[in-house]
Amino acid sequence: MFYRKNFATKTNKSTKIRLNKFDEWKNVDDAKLEITQTKNCYNFSFSSGALTSSYGFEQLALPNSQSSSDQTFTINATEILKAWFFPMYESYSNSDKYYVFYLAQDMRIYFFNVIDDKMMYPSDATFTEIPNGAAFRINTDNDTMFFASSADQTVGLNGMGIQTYENIPKFVSGCWYGPYLFLITIGDNNELQYSRKRIDAWNFDNVTTAELPDLRGGLTKLVALKDYLYLFTNFGITRLSLYSTNVDVAETHIYHSTSYIYPESISKSGEEIMFFTDDGLYRLKGSGVDKIDLPIISNMISNSNNQCSGVCHDGKYFLACNYDFNDGKQVGCESGEYINNAMVVYDMSTGEFEVVRGIDIKQLFTIQTPQVNKLCALFRGEKKGYIGQITHDGLFFGSPLAKQWNSPETDFGYAEKDKCITEVIVRPHTQAKLTIFSEKESQELQIEDSDKSQRFRVRVFGKVFSLSLDCQQGSSHISCPQITVEVIS
């Protein structure tokens, strides 16, 4: 008689893990990151929960009249070195005008009207080095754009033409504060000078030099905000206010640091000022300065950012910078010589952010009129003769920017057990490549452009896994995948 003997068998547990949404990057220890909370993603946006196209740029388009639709136009320049937007009241025509001034490769200032026939007007203002620019009103009725450099005389340009002002000091930055004009002068020992009376005739024979002890480094920028004037230095910020009939200046030092403040990163939005240092991103509001603690800033932005450019636009802070992706890849401008290779976009209200990779942005600036509200950029490289406007299509002048999303490592909650990923279901709406990694092996999945879910049978063994999504398309929309994991008992 034969007896049936029951042997112990090894059983595996299969579990399906649905990734609900691609989430914002978290500033936590890697061990606490969920698989969807990437710390390494570029040219993708994940604000909707899916991976969609991030920002890009296209040729600037502006209306030819108050009511016409936008049209692109060509600027006849081999290279644009710097640009300034300036709203101007013209007394002789009793109208508001909006101009973009730019310095071309011949070191001459050109300008065009934002809402008008797009003619590029050359001025007689030429320079031997890139000047600083600031807008002031003189003679009580003429708005004027002033340009100054250490090697050239200060000139003013308005609707009546150009004029040289020998008695105006060469300046780094300047702005109105109340009825008084403040200027930071150029020089090794630059000073803060201001007028003691309203300027009815432009004359700096009688100016006051502010006595400001204990400043941290050279003076770099002035920003007027509400009831105060903020003076930025290399390593600090001083808040200035006027008091008494003698127009005395009171100062309060509100920020001291050992980290260098990049002057071209300073930008105002509403009641806040954003700025970037070699220690990270900061926000000034009222009398307080707070550091914005972003993992990408502290971990990946390079210290070589002397030519960064930052500007606030529509509640976001855009920072063109040098970014160390540390992955050995060459995306866009990184295949040649470049200075800036990324743009970080920080939402000032939600704290969310995106990273654009592969564009060497020289300068960011805004154009704002009653009809136009655009973020614009100048570039190095192939598009150095263009002014670009921002898009949200993942294209750089029509060419797709390579996109990548990388997950953190995960053990799916089974730390010491062997596992096998056996199935992936994804709904991509675009061509993409999904790569599954473990400490033992990897497998690539080629995803087709479809609005239907795609199922892949896979076999990737290991204890710890990670995912990578690559997309070479402009438009993209990839929903979070569902993963089947078999836990081996």
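Residues numbered from 1 in each chain as written. Predicted model: local features only at pLDDT ≥ 70, side-chain atom pairs only at ≥ 80, totals over all residues. Heavy atoms only, no water.

Caption draft 1: Fine view of the sheet that holds strand S1 (residues 12–18). Read from one edge to the other, the open sheet built from four strands follows the order S1-S44-S38-S41, with strand pairing classed as antiparallel. Taken across any chain shown, the strands that pair with only one partner, and hence form the sheet edges, are S1 and strand S41 (454–462). Sheet twist, expressed as the average angle between the axes of neighbouring strands with direction ignored, equals 20°. Looking at chain direction, S1 and strand S44 (residues 482–488) are connected through seven bridges and run antiparallel. In the strand pairing of S44, Lys13 is matched with Val487. (Pairing = 2+ DSSP bridges. Helix = DSSP H or I, 4+ residues; strand = E, 2+ residues; numbered from the N terminus. Axes fitted to C-alpha atoms, helices over the stretch in contact; angles between N-to-C directions.)

Caption draft 2: Representation of the nonpolar core within the structure. In terms of nonpolar packing, the biggest core is built from 28 residues, with Leu51, Trp405, Ile421, Ile436, Leu467 and Leu469 touching the most fellow members. Looking at this core, the elements with two or more residues in it are strand S38 (418–426), strand S39 (432–438), strand S40 (442–447), S41, strand S42 (465–471) and S44. The biggest single contributor to this core is S42, with four residues. With sequence-adjacent residues up to four places away left out, Leu51 is seen in contact with Phe22, Phe44, Ser45, Phe46, Trp405, Leu469, Ser476, His477 and Ile478. (Core = buried A, V, L, I, M, F, W, Y, C linked by side-chain atoms within 4.5 Å. Buried < 20%, exposed > 50% of the residue type's maximum accessible area, 1.4 Å probe, protein only. Contact = heavy atoms within 4.5 Å.)

Caption draft 3: Fine view of the packing of aromatic side chains. A complete count under the given rule lists 32 aromatic pairs for this structure. Plain terms: the ring middles of Phe235 and Tyr260 are 6.0 Å apart, the flat faces sit at 75° to each other, and that makes the pair edge-to-face. Of this pair, Phe235 sits in the loop between strand S21 (228–233) and strand S22 (236–243) while Tyr260 is found in the loop between strand S23 (248–256) and strand S24 (267–269), placing the two residues 25 residues apart along the sequence. Its relative accessible area of 27% is what places Phe235 among the partly exposed residues. Residue Tyr260 is classed as partly exposed on the basis of its relative accessible area, which comes to 23%. Considering the side-chain rings of Tyr386 and Phe397, the 5.6 Å spacing of their centres and the 65° angle between planes classify their relative orientation as edge-to-face. Highlighted residues: Tyr386 in the loop between strand S33 (373–379) and strand S34 (387–391) and Phe397 in the loop between strand S35 (395–396) and strand S36 (399–400), separated in sequence by 11 residues. Tyr386 gets classed as partly exposed once you look at its relative accessible area, which sits at 31%. (Phe/Tyr/Trp six-rings, centres within 6.5 Å; stacked < 30°, edge-to-face > 60°.)

Caption draft 4: Structural context of the pairing of strand S27 (residues 288–292). Here strand S26 (residues 280–285) runs beside S27; their pairing, made up of five bridges, is antiparallel. Across the sheet, residue Leu281 finds its bridge partner in S27, namely Ile292. Taking the residues that link successive antiparallel strands as the turn, the S26-S27 hairpin has two residues, and the phi of Gly286 there is positive, at about 65°.

Caption draft 5: Here's a closer look at the state of the cysteines. Evaluation of the coordinates by the stated rule reveals zero disulfides. Looking at Cys376, it has no disulfide partner, and the nearest cysteine sulfur is the one in Cys312, 15 Å off. Sulfur of Cys480: no disulfide; nearest cysteine sulfur belongs to Cys41 and is 12 Å away. (Disulfide = S-S within 2.5 Å.)

Caption draft 6: Representation of the pattern of salt bridges within the structure. In total, this model carries 15 salt bridges according to the counting rule given. Lys291 serves as the salt-bridge partner of Asp279, at 3.5 Å between the closest nitrogen and oxygen. Note that Asp279 is positioned in the loop between strand S25 (272–277) and S26 and Lys291 in strand S27, a separation of 12 residues in sequence. With relative accessibility at 41%, the residue Lys291 sits in the partly exposed group. Asp327 is paired through a salt bridge with Arg357; the nearest N and O atoms lie 2.8 Å apart. With Asp327 in the loop between strand S29 (316–321) and strand S30 (342–347) and Arg357 in strand S31 (residues 353–357), this pair connects stretches of sequence that are 30 residues apart. Residue Arg357 is classed as buried on the basis of its relative accessible area, which comes to 1%. (Salt bridge = Lys/Arg side-chain N within 4 Å of Asp/Glu carboxyl O.)

Caption draft 7: The arrangement of the sheet that holds S40 in detail. Within the open sheet, the five strands sit side by side as S2-S37-S42-S39-S40. Their pairing is antiparallel. Strands with a single pairing partner mark the edges of an open sheet, and in this sheet they are strand S2 (40–42) and S40. On average, adjacent strands in this sheet sit at an angle of 15° to one another, irrespective of strand direction. Here S39 runs beside S40; their pairing, made up of six bridges, is antiparallel. When the bridges of S40 are listed, Leu434 appears paired with Leu445.

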